[in-house]
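# Geometric and topological summary
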Amino acid sequence: MKILVSLCARGGSKGIPRKNIKKLNGRPLIDYSIQFAKQIEQRYKEVTIELSTDDEEIKNVAEQLGLPTEYRRPMDLASDSAGKVDAIRDLLSYSEIKYQNKFEYVLDLDISSPLRTISDVVEAFSIMEREKDALTLFSVNKAHKNPYFNMVERNESGFYQTSKRRDITTLSRQTAPDVYELNASFYIYRRAFFDSEVKGVITEKSLIYNMDHICFDLDTPIDFEFMDYLLSNNKLPFQLI
């Protein structure tokens with residue numbers, strides 16, 4: 001398989017300042033994804049790793065960690081309102097021209113969600129290989145809250161009701177349909193996805209990879225402290241690369 005591994009790191013971060021290069025258990029956060037990408041490179045051979053950033057300091061830190069890059073994300077794709085898919089599409093176009101290579105897949109490793117294993121990604125790729133019509137696959141965990149049971153939203157009358165309704169009343173979480181939440185750890189895109197005008201990863205031909213271990217992304221300072229505690233005290237049931 002010809003795989004482009006994408007690492008996207010914007011300079012700005014409202015929740016955790018300088019998050020992508022902030023030290024997590026003694027290492028810059030971005031290092032976890034860089035070293036993971038290098039393991040993917042060893043596993044699949046035909047792999048190219050590229051960093052997409054608008055920030056010179058992130059670029060310099062990545063180079064010190066073994067990932068130099070000549071690519072710089074355009075400013076119109078670096079704002080809070082810019083979609084990540086468009087940023088990856090631009091990186092893909094740049095990489096295919098630079099390396100004179102037509103990739104089969106793009107593997108996007110979200111820097112803010114490093115609790116992933118090689119076996120996660122290997123199994124996810126095997127799922128994509130079996131399902132030839134699938135355009136995307138994204139990592140998930142079983143949701144703690146369920147829109148059929150204990151999530152509500154405001155209706156047109158100004159009252160609140162269950163977010164998703166069905167013909168029978170859901171009396172317990174155990175009897176509600178299974179729902180999942182994206183944990184932002186990784187996304188796999190088939191190359192054909194980027195030939196469309198789709199702006200989001202969730203399509204009518206998307207698959208999931210349900211992680212059977214803890215995984216969450218870093219949105220707030222307390223998230224960062226919690227993950228730092230897990231790593232520094234060896235509380236994970238697996239080793240991060």
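Above this text you will find the structure in question.
Summarised in this report is the structure supplied together with it.

You will see that Lys45, though not glycine, has its phi angle at about 70°, which is positive. Structurally, Lys45 can be placed in the loop between helix 1 (29-44) and strand 4 (47-53). Exposure remark for Lys45: the relative accessible area of 64% places this residue in the exposed category. Positive phi outside glycine occurs at Asn234, with the angle close to 50°.

On to empty space enclosed by the protein. The tally for this structure, following the rule as stated, stands at one cavity of 30 Å³ or more. By volume, the largest cavity amounts to about 30 Å³. For the largest cavity, the full set of lining residues is Tyr32, Phe36, Pro114, Arg116, Leu240 and Ile241. Its residues placed into classes, the lining of the largest cavity shows five nonpolar, no polar and one charged.

With that settled, consider helix 1. Compared with the 22 Å implied by 1.5 Å per residue over 16 residues, the 24 Å span of helix 1 between its first and last C-alpha is a close match. Among all positions of helix 1, only Leu29, Ile30, Asp31, Tyr32, Ser33, Ile34, Phe36, Ala37, Ile40 and Tyr44 are buried. Immediately beyond the C-terminal end of helix 1, within one or two residues, lies Lys45, with a positive phi of roughly 70°.

Within the largest apolar cluster, 48 residues are counted, with the highest numbers of intra-cluster contacts made by Val5, Leu7, Ile30, Leu107, Leu115, Phe186 and Ile188. Elements supplying a minimum of two residues to this core: strand 1 (3-9), helix 1, strand 4, helix 2 (56-64), strand 5 (105-110), helix 4 (118-130), strand 9 (180-190) and helix 5 (221-232). It is helix 1 that contributes the most residues to this core, eight residues altogether. The residues touching Ile30, leaving out its near neighbours within four places in the chain, are Ala9, Asn20, Ile21, Leu51, Ile58, Val61, Ala62, Leu65 and Ile111.

Let's shift gears to the sheet that holds strand 4. In space, the six strands of this open sheet follow the order 4-1-5-9-6-10, with mixed pairing throughout. The two strands at the open ends of the sheet, each matched to only one other strand, are strand 4 and strand 10 (206-210). Strand-to-strand, the axes of this sheet are offset by a mean angle of 30°, without reference to chain direction. In terms of strand pairing, strand 1 meets strand 4 through seven bridges, oriented parallel. Across the sheet, Val5 pairs through a bridge with Ile49, a residue of strand 4. On the sheet, helix 4 packs against strand 1, strand 5, strand 6 (136-142), strand 9 and strand 10 and is oriented at approximately 150° with respect to strand 10.

A regular strand places its side chains so that they alternate between the two faces of the sheet. Of all 11 residues in strand 9, eight are buried, a share of seventy percent or more. In this sheet, strand 9 lies alongside strand 5 in antiparallel orientation, the contact comprising five bridges. Bridging across to strand 9, Leu109 finds its partner in Phe186. As paired strands, strand 6 and strand 9 are joined by six bridges and run antiparallel to one another. Note on strand 9: the bridge partner recorded for Val140 is Leu182.

Moving on to the pairing of strand 4. Among the seven residues of strand 4, seven are classified as buried, and the element is accordingly described as predominantly covered. Burial along strand 4 is two-sided: Val47, Ile49, Leu51 and Thr53 facing one way and Thr48, Glu50 and Ser52 facing the other are all buried.

With respect to the helices and strands, Ser6 occurs in strand 1. Looking at Ser6, the relative accessible area reads 0%, which means it is buried. Of note is the side chain of Ser6, whose polar atom sits 3.2 Å from the side chain of Asp108. Ignoring any residue separated from it by four or fewer positions in sequence, one finds Ser6 in contact with Glu50, Ile88, Leu91, Val106, Leu107, Asp108 and Leu109.

Rules used in this analysis
Here the residue numbering is sequential within each chain, running from 1 through the sequence in written order. Under the rules for a predicted model, residues below a pLDDT of 70 receive no local features and side-chain atom pairs below 80 are neither given nor counted, while totals for whole chains, interfaces and linings still include all residues. In computing side-chain values, all of the structure's heavy atoms are included and hydrogens and water are not. In this description a helix means any DSSP run of H or I spanning at least four residues, a strand means any run of E spanning at least two, and both kinds are numbered starting from the N terminus. Between buried and exposed lies partly exposed: a residue is buried under 20% and exposed over 50% of the maximum accessible area for its type, with that area taken using a 1.4 Å probe on protein chains only. Each cavity reported here is a set of points on a 1 Å grid over the protein atoms alone in which a 1.4 Å probe fits but cannot get out, each pocket an open set with protein on both sides within 12 Å along at least five of seven lines, and each lining residue one with an atom within 4 Å of a point. Grid points are joined across faces, edges and corners, and a volume is the space filled by probe spheres set on the points. All residues other than Ala, Val, Leu, Ile, Met, Phe, Trp, Tyr, Cys, Pro, Asp, Glu, Lys and Arg, Gly among them, are scored as polar; the first ten of these are nonpolar and the last four charged. Helices are assigned an expected span. That span is 1.5 Å times one less than the residue count. Side-chain atoms within 4.5 Å link the members of a nonpolar core, which is a set of buried Ala, Val, Leu, Ile, Met, Phe, Trp, Tyr and Cys residues. Contacts are residue-level and defined by heavy atoms, with any inter-residue pair within 4.5 Å sufficient. DSSP bridges decide pairing: two strands pair if at least two such bridges lie between them. Every axis corresponds to a line fitted to the C-alpha atoms, with the helix fit spanning only the stretch in contact, and the corresponding angles, defined between N-to-C directions, vary from 0 to 180 degrees. Here a polar contact means two N or O atoms within 3.5 Å. Within protein one must be a hydrogen donor candidate and the other an acceptor candidate, and residues neighboring in sequence count only if both atoms are side-chain atoms.

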